[in-house]
Amino acid sequence: SFTIPKLVEKLGDEQQAYFYAACILAAGATIILFISFLSTSEPPADDDDLPVPTERRGIWRTFVADLIGFWSTLRHNGPLARLFAAVILSGITTAMNGKVLLYWIKYDLKDPSVMSWLLALPAVWLVLIAPGWTWVARRWSKRTAWLSGTALSIVSLLSFYIINPHDHATLIVITLIGATG
């Protein structure tokens, strides 16, 4: 995302630049997914002699049966339901942090030159802070690490709303708090 302004500058047409940027990101994600798929394998199971199902039910019947089984499991497993809710909310807050930052730079600061380094800042910060979160998870628990990170993300979003930063320094601090979470 931090290369998009450079691409817009080179192409001149913003709509075309965003299209090409999306294509490049999609191609990169597809390549990474393919590499991950090829490098992943399941360990051999102890029960290799499992019976192979002979009945072919069709993909939709299998899908519906799996979906019904999933909702049944979720209904009877409160911790799993809370985990799914937390993962979904975490994804939403991560996306919100990214979008808030992008639109804040473009429409409030009105300084697109900042985008090239400020949008890359959370990714670089995550690489630096990951060992700290690993330490927290090992020292206390994964739950503590996750809840602490979620709390920091909430603090970051609320800070955007309450503080309403108009200067680069405050925006950087709020961005780093959000990236830490």
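Note that the structure is predicted; figures quoted are calculated from it, not measured.

## Structural notes on the packing of aromatic side chains
- Going through the model one piece at a time under the given rule, you end up with 6 aromatic pairs.
- Between Phe70 and Trp71, the ring centres sit 5.0 Å apart and the planes meet at 70°, which makes this aromatic pair edge-to-face.
- By relative accessible area, Phe70 is classed as partly exposed at 31%.
- Taking the centre distance of 5.5 Å and the plane angle of 35° together, the rings of Phe70 and Phe84 count as tilted. With Phe70 in helix α3 (residues 59-76) and Phe84 in helix α4 (residues 78-109), the pair connects residues that are 14 residues apart, well separated along the chain.
- Cluster of aromatic residues (ring-pair linked, three or more members): Phe70, Trp71 and Phe84.
- A cation over an aromatic ring shows up here: Arg139 above the ring of Trp140, its NZ or CZ 5.1 Å from the ring centre.

## Overview of unusual backbone geometry
- Although it is not a glycine, Lys110 sits at a positive phi angle of roughly 50°.
- Note that Lys110 resides in the loop between α4 and α5 (115-118).
- Using a relative accessible area of 62% as the deciding quantity, one classes Lys110 as exposed.
- Located in the positive-phi region is Asn164, a residue other than glycine, with phi close to 55°.
- Mapped onto the fold, Asn164 is located in the loop between α7 (142-163) and α8 (168-180).

## A look at the packing of α3 against α4
- Two numbers describe how α3 lies on α4: the axes approach to 5 Å, and their chain directions differ by 105°. Judged on the interaxial angle alone, α4 and α3 are roughly perpendicular. Between α3, through Phe70, Thr73, Leu74 and His76, and α4, the contact on the second element is made entirely by Gly78, Leu80, Ala81 and Phe84.
- For the contact of α3 with α4, the per-class residue count stands at 5 nonpolar, 3 polar and no charged.

## Considerations on the layout of surface pockets
- In this structure, the second largest pocket occupies an estimated 330 Å³ of space.
- Forming the boundary of the second largest pocket are Pro79, Arg82, Leu83, Ala86, Leu89, Ser90, Thr93, Lys142, Arg143, Trp146, Leu147 and Thr150.
- Ranked by residues supplied to the lining of the second largest pocket, first place goes to α4 with 7 residues.
- Within the lining of the second largest pocket, the residues separate by chemical class into 6 nonpolar, 3 polar and 3 charged.

## Remarks on the side chain of Ser153
- Here Ser153 is to be found in helix α7.
- Using a relative accessible area of 7% as the deciding quantity, one classes Ser153 as buried.
- Apart from residues no more than four positions distant in its own chain, Ser153 is found in contact with Thr93, Asn97, Gly178 and Gly181.

Thresholds, definitions, all that
Residues numbered from 1 in each chain as written. Predicted model: local features only at pLDDT ≥ 70, side-chain atom pairs only at ≥ 80, totals over all residues. Heavy atoms only, no water. Phe/Tyr/Trp six-rings, centres within 6.5 Å; stacked < 30°, edge-to-face > 60°. Buried < 20%, exposed > 50% of the residue type's maximum accessible area, 1.4 Å probe, protein only. Helix = DSSP H or I, 4+ residues; strand = E, 2+ residues; numbered from the N terminus. Lys NZ or Arg CZ within 6 Å of the ring centre and 35° of its normal. Axes fitted to C-alpha atoms, helices over the stretch in contact; angles between N-to-C directions. Parallel < 35°, antiparallel > 145°, perpendicular 65-115°, else oblique. Contact = heavy atoms within 4.5 Å. Nonpolar A, V, L, I, M, F, W, Y, C, P; charged D, E, K, R; others polar. 1 Å grid on protein atoms, 1.4 Å probe; cavity = no way out; pocket = protein on both sides within 12 Å on 5 of 7 lines; lining within 4 Å. Points joined across faces, edges and corners; volume = space filled by probe spheres on them.

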